[in-house]
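# Notes for the structure review
For reference, the chains in residue letters:
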Amino acid sequence: MGTEHSKNEGRSSMFFLRKGPKLPAWEDALLSGKEPKSLLKRGLRYVSLSLIMKGMTSAPDFLWGLPEVQKLNLSRNQLVVIPPSLGKLDRLVVLNLGGNCLKCLPKEIGLLRNLKVLFVNMNCLTEVPAELSLCRKLEVLSLSHNCISQLPLSFTDLTSLRKLNLSNNRFVQIPLCIFALRSLDFLHLGSNRLENIAESVQYLVNLQIFIVENNNIRTLPRSLCFITALELLNVDYNAIQTLPDDLYLLRRLPRIAWNPMDKGLHIAHNPLSRPLPEVVEGGLDVLFNYLREKKEHN
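Not measured: the values here are computed from a predicted model.

Attention now moves to the overall build of the protein chain. Scanning the protein chain for helices and strands turns up four helices and eleven strands. Against the compact-globule benchmark of 19 Å for 298 residues, the protein chain has a radius of gyration of 26 Å, which places it well outside the compact range. Expressed along its principal axes, the backbone C-alpha trace of the protein chain runs to roughly 110 × 35 × 35 Å. When the 298 residues of the protein chain are sorted by exposure, 47% land in the buried category.

Here is the structure:
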């Protein structure tokens, strides 16, 4: 009896010695008694950590003690907030926060000076911190499927940005700061509330893919025809009745396109005035010839 009692007492004392601060159940499950560094994957180019679909409601505290991580995936969880500690991960090159419940981003995101790719799509953002413009190396930014209606003017500093997805938000007009992003080759503003495209769009001289489908756009600006790098122009599901005569200058558009993934001119589901519907059915060459002749006769 005495021996059994002393064994139990020993086990109990060992248990209390091992017991540290209690972790949330999901965080404890993530570590399973391992060191946080054991979750890191060291590839040829990047040190990465993926915590996708872990049911997390907050970011694990051990994360902020891993400054060597360069690619971090926290997508498809239930995160409500990202703490200021994010700024400690200043070697991050790729950060994926998509598919969470974030209402804002911490201003400390501006400390991520090596960041090149940022996904914050499918959240609940209503605004974007001006400090994000301090991430001067940023090349890819997705803010799609949020509740954003404007961008900070300081976004003009994101001169390395090449791909920007602002689809499925609440923009009534294209933010002025976008027209200063001369390196953009991809711009997606589909499913917003746009009523027009400003003539300033002509400054996006390197734009190859421009998507503004499912808005309330009534006319296309003549200046759009001077972005001769365009290979895909999608204006499906708008209120467009006429086309600018100079549209034939967009010679890199290969065809009238119907598949959303195809390069070309997407112009379906618009109330085009006659004879444009019939002309469009003849293909892009027929449309461009029609517009060219129309311009010559005017």
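Okay, back to it.
For the rest of this paragraph, the subject is the pairing of strand β2 (residues 47–50). Burial of β2 is one-sided: the residues Val47 and Leu49 facing one way are buried, the residues Ser48 and Ser50 facing the other way are not. Summarising the sheet, strand β1 (residues 41–42) and β2 pair through two bridges and their orientation is antiparallel. Opposite Arg42, over in β2, you have Val47 as the bridge partner.

Along the chain, Asn96 turns up in strand β4 (residues 94–96). Note on Asn96: relative accessible area 18%, which makes it buried. When near neighbours in sequence (up to four residues on either side) are disregarded, Asn96 contacts Leu72, Asn73, Leu74, Ser75 and Phe119.

One open sheet accounts for eleven strands, arranged β1-β2-β3-β4-β5-β6-β7-β8-β9-β10-β11; its pairing is mixed. Bordering the open sheet on either side are β1 and β11 (264–266), each of which pairs with just one other strand. As defined by bridge partners, strand β6 (residues 140–142) adjoins strand β7 (residues 163–165) across three bridges and the pair is classed as parallel. By the bridge assignment, Ser142 is partnered in β7 with Asn165.

Taken as a whole and judged by the stated rule, the model has zero disulfides. Free of any disulfide, Cys135 has its nearest cysteine sulfur in Cys177, 15 Å distant. Between Cys147, a cysteine without a disulfide, and Cys124, which holds the nearest cysteine sulfur, the sulfur-to-sulfur distance is 6.3 Å. Cys147 gets classed as partly exposed once you look at its relative accessible area, which sits at 24%.

In this structure, Pro275 follows Arg274 across a cis peptide bond, with omega equal to 10°. Examined against the element boundaries, Pro275 turns out to sit in the loop between β11 and α3 (276–281). At Met122, a position not held by glycine, the phi torsion is positive, near 55°. As for its placement among the helices and strands, Met122 is situated in the loop between β5 (117–119) and β6. Even without a glycine there, the phi angle at Asn214 is positive, about 60°. By secondary structure assignment, the location of Asn214 is in the loop between β9 (209–211) and β10 (232–234).

Taken together, the side chains of Arg45, Lys71, Lys116 and Lys137 define a basic patch exposed on the protein surface. If you trace the backbone, Lys71 turns up in strand β3 (residues 71–73).

Position of Leu74 among the secondary structure elements: in the loop between β3 and β4. For Leu74, a relative accessible area of 1% puts it in the buried group. Placed 23 residues apart in sequence, Leu74 and Leu51 show a C-alpha to C-alpha distance of 5.2 Å. Ignoring anything within four residues of it in the chain, the contact list for Leu74 reads Leu51, Met56, Leu63, Leu79, Asn96, Leu97 and Asn100.

A word on the confidence of the model for the protein chain. Overall, the predicted model of the protein chain reaches an average pLDDT of 92, with 90% of residues at or above 70. Note on residues 1–20: pLDDT under 50 across the span, and zero contacts to partners over four residues away in sequence or across chains.

So, how was this worked out
Residues numbered from 1 in each chain as written. Predicted model: local features only at pLDDT ≥ 70, side-chain atom pairs only at ≥ 80, totals over all residues. Heavy atoms only, no water. Helix = DSSP H or I, 4+ residues; strand = E, 2+ residues; numbered from the N terminus. Rg over C-alpha atoms; globule rule 2.2 N^0.38 Å. Buried < 20%, exposed > 50% of the residue type's maximum accessible area, 1.4 Å probe, protein only. Pairing = 2+ DSSP bridges. Contact = heavy atoms within 4.5 Å. Disulfide = S-S within 2.5 Å. Patch = residues over 30% accessible without salt bridge, like charges linked within 9 Å, V, L, I, M, F, W, Y side chains within 5 Å. Areas by Shrake-Rupley, 256 points an atom, 1.4 Å probe, with all protein chains shown as cover. Salt bridge = Lys/Arg side-chain N within 4 Å of Asp/Glu carboxyl O. Lys, Arg positive; Asp, Glu negative; His and termini not counted. Charge placed at Lys NZ, Arg CZ, Asp CG, Glu CD. pLDDT = per-residue confidence, 0-100.

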